[in-house]
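# Reading the structure
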Amino acid sequence: MTSKARQEAALSGDRRVSVIGAGEMGRTLIGGWIETGVVDPASIFATAAHEPRIARVAESFGVEGAVDNRRAAEFGDTVLLAVKPQTADHVLSEIGDVLGPNQVLVSILASVSTAYIERRLPEGIPVVRAMPNTPSRVAAGMTALSAGRFASPEHVELAKQLFQPLGRTVVADEKHMDAITGLSASGPAFLYIVIEALAEGGVKAGLPRKMAIELAAQSCLGAGKMVIDTERHPALLKDEVTTPAGCTVDGILRLEEGGLRVTLIKAIVEAAARAAELVPDE
């Protein structure tokens, strides 16, 4: 099949996707694609380093699975690279001569640039870098995309069509990918702590724990949706809740005293810095 024919087939929904590295994020994406109908299970080939692990993945999702990364690379029109960043060099050397310019390699590896990948593959193979997050599993994810040297707008569109049904997508300059990793990829973990803390506050105030968790989680979900749907600055939305001499302003004062704002900023900055260090861009 020619490159153009593969692209047209994928854009029409008739795509084959290989997931090299069905770890936590790989499984998250497989589950999201199947549940949203983006990719049929029969059109997914997944790999893992150990037979028992990939057997569980294959059984759970009804996909084909193996420990052979080269078979996976041959199978897919779109090949998703989802291994640990530290193993990127080994895996790329393993699959490089199997890939061709009529495929697109989508990498979700933190810290690994498209240039790093391209130097380890035959020239001309399209590479798109993607940074999704785990809420993609429930179609509430956030994915940033950036194109490599040989990736056309059509290749980016192919990647976008994979991730858009799992939440939202943005196309970003690759120089921002480490910051995006620190914010939207690591961010859910920080927000889970916020939800847990809010719920603990509710329990302290007398609420049943299950109810407190539901109230806290839905409040965070609703606040995020308000920002997205209204396109208003969070500070303005905050002011609408903060009535003069009301209870909310007392709570905000306590948050400011505890340094919540500065702590979250530092958490993002440090996570982004760490993302840049995982693999040297040789």
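Read on for a plain summary of the structure. Remember, it's a predicted structure, so these values are computed and weren't measured experimentally.

## Some points on the packing of helix H8 (residues 177–185) against helix H9 (residues 187–204)
Viewed as axis vectors pointing N to C, H8 and H9 meet at an angle of 30°, and their least axial separation amounts to 5 Å. In terms of axis orientation, H8 runs roughly parallel to H9. Between H8 and H9, the residues in contact are Gly182, Leu183, Ser184 and Ala185 and Gly187, Pro188 and Phe190, respectively. Its residues placed into classes, the contact of H8 with H9 shows four nonpolar, three polar and no charged.

## Details of the pattern of salt bridges
A complete count under the given rule lists 16 salt bridges for this structure. A salt bridge links Arg27 to Glu24, with the nearest nitrogen and oxygen atoms 3.2 Å apart. With Arg27 and Glu24 both in helix H2 (residues 24–36) and three residues apart, the pair spans about one turn of that helix. The partner of Lys225 in a salt bridge is Asp229, and the shortest N-O contact between them spans 2.8 Å. Of this pair, Lys225 and Asp229 both sit in helix H10 (residues 209–230), separated by four residues, roughly a single helical turn. Relative accessible area serves as the criterion here: at 51%, Lys225 is assigned to the exposed category. The network of salt bridges with shared partners includes Arg129, Glu174 and Asp178.

## A short note on H2
Taking 1.5 Å per residue, 13 residues should reach 18 Å; H2 reaches 18 Å between its end C-alpha atoms and fits that length. The set of residues buried in H2 consists of Met25, Gly26, Thr28, Leu29, Ile30, Gly31, Gly32 and Trp33. Its buried side turned inward, H2 meets strand S1 (17–20), strand S2 (44–47), helix H3 (51–61), strand S4 (78–81) and helix H7 (153–163). At the C-terminal side of H2, Gly37 shows a positive phi close to 75°.

## Some points on the pairing of strand S6 (residues 127–131)
S6 sits mainly inside the fold: five of its five residues count as buried. Sheet topology note: the strand S5 (residues 104–107)/S6 ladder contains three bridges and is parallel. Bridge assignment links Val106 to a residue of S6, and that residue is Val128. The sheet contact formed by S6 and strand S7 (residues 141–147) spans four bridges and is antiparallel.

Thresholds applied
Residues numbered from 1 in each chain as written. Predicted model: local features only at pLDDT ≥ 70, side-chain atom pairs only at ≥ 80, totals over all residues. Heavy atoms only, no water. Axes fitted to C-alpha atoms, helices over the stretch in contact; angles between N-to-C directions. Helix = DSSP H or I, 4+ residues; strand = E, 2+ residues; numbered from the N terminus. Parallel < 35°, antiparallel > 145°, perpendicular 65-115°, else oblique. Contact = heavy atoms within 4.5 Å. Nonpolar A, V, L, I, M, F, W, Y, C, P; charged D, E, K, R; others polar. Salt bridge = Lys/Arg side-chain N within 4 Å of Asp/Glu carboxyl O. Buried < 20%, exposed > 50% of the residue type's maximum accessible area, 1.4 Å probe, protein only. Expected span 1.5 Å × (residues − 1). Pairing = 2+ DSSP bridges.

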